[in-house]
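Observations on chain architecture
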Amino acid sequence: MNVGKVNGDIVDKDTGEIIKARHRFTKLGNDYVCDLYNLPVIAYNLFFYISKKMNYKGQAVHIDISQCMKEFGYKNRVSIYKGINALLEKKIITKINGFYVVNDKYLTKNKI
């Protein structure tokens, strides 16, 4: 293995694989990206909203409907709930005690 530093990260220079990251990051599961292709636009936007909101200790996220309406330019809650339901139906997220949890095959934070 040809290991070295690139932008502060420890990287396998032969494969480009990050062995130890200097910065926090979100990793999208490459094998499951195709599950996102046919999502409605609002579901796609919510997926990345959740990614941004996820903390680094766990993946439970409270979705602030009013904030999403403002951020995505919707005038009613129905559109936001349609996006949430699309993510729930595809099992990309699940709802637990009022919070949404991302299936870790799609997104993880700080795990190489």
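Provided above is the structure to which this section pertains.
Below is a short write-up of the structure. (Residues numbered from 1 in each chain as written. Predicted model: local features only at pLDDT ≥ 70, side-chain atom pairs only at ≥ 80, totals over all residues. Heavy atoms only, no water.)

1. Re the overall build of the protein chain
Secondary structure assignment for the protein chain yields three helices and eight strands. Along the protein chain, helices (α) and strands (β) appear in the sequence β-β-β-β-α-β-α-α-β-β-β when read from the amino end. Counting only residues that meet the buried cut, the protein chain has 31% of its 112 residues in that class. Within the protein chain, contacts between residues separated by at least 24 positions form 51% of all contacts whose residues are at least 6 apart in sequence. Carbon and sulfur atoms make up 50% of the accessible area of the protein chain, which totals about 7,500 Å². (Helix = DSSP H or I, 4+ residues; strand = E, 2+ residues; numbered from the N terminus. Buried < 20%, exposed > 50% of the residue type's maximum accessible area, 1.4 Å probe, protein only. Contact = heavy atoms within 4.5 Å. Areas by Shrake-Rupley, 256 points an atom, 1.4 Å probe, with all protein chains shown as cover.)

2. Some details on helix 1 (residues 41-53)
Side chains of residues three or four places apart in an α-helix project in the same direction, reflecting 3.6 residues per turn. An ideal rise of 1.5 Å per residue puts 18 Å on 13 residues; helix 1 measures up with 18 Å between its terminal C-alpha atoms. Taken as a whole, helix 1 has its buried residues at Ile42, Ala43, Leu46, Phe47, Tyr49, Ile50 and Ser51. (Expected span 1.5 Å × (residues − 1).)

3. A few points about the pairing of strand 1 (residues 3-6)
Relative to strand 2 (residues 9-12), strand 1 is paired through four bridges, and the arrangement is antiparallel. Looking across to strand 2, one finds that Val3 is bridged to Asp12. The turn joining strand 1 and strand 2, which pair antiparallel and follow one another in sequence, is formed by two residues; a positive phi near 50 degrees is taken by Asn7. (Pairing = 2+ DSSP bridges.)

4. Digging into the nonpolar core
By size, the foremost hydrophobic cluster in this structure holds 24 residues, and its most contacted members are Leu46, Ile50, Ile63, Ile80 and Leu87. Of all elements in the fold, only helix 1, helix 2 (65-72), helix 3 (77-89) and strand 7 (99-102) reach the threshold of two or more residues within this core. In this view, Ile50 contacts Val61, Ile63, Leu87, Ile93 and Val102; residues no more than four positions away in its chain are not counted. (Core = buried A, V, L, I, M, F, W, Y, C linked by side-chain atoms within 4.5 Å.)

5. Considering the environment of Lys5
Within the element layout of this structure, Lys5 appears in strand 1. Taking the C-alpha atoms as reference, Lys5 lies 9.5 Å from Ile18; in sequence the two are 13 residues apart. Leaving out residues up to four positions away in the same chain, Lys5 has contacts with Ile10 and Lys13.

6. Section: the sheet that holds strand 6 (residues 93-96)
Read from one edge to the other, the open sheet built from three strands follows the order 5-7-6, with strand pairing classed as antiparallel. Pairing within the sheet leaves two strands with one partner each, and these edge strands are strand 5 (60-61) and strand 6. Where strand 6 lies against strand 7, four bridges are found, and the strand directions are antiparallel. Residue pairing in the sheet places Ile93 in a bridge with Val102 of strand 7. Against the sheet, helix 3 contacts strand 6 and strand 7, and its axis sits at roughly 105 degrees relative to strand 6. (Axes fitted to C-alpha atoms, helices over the stretch in contact; angles between N-to-C directions.)

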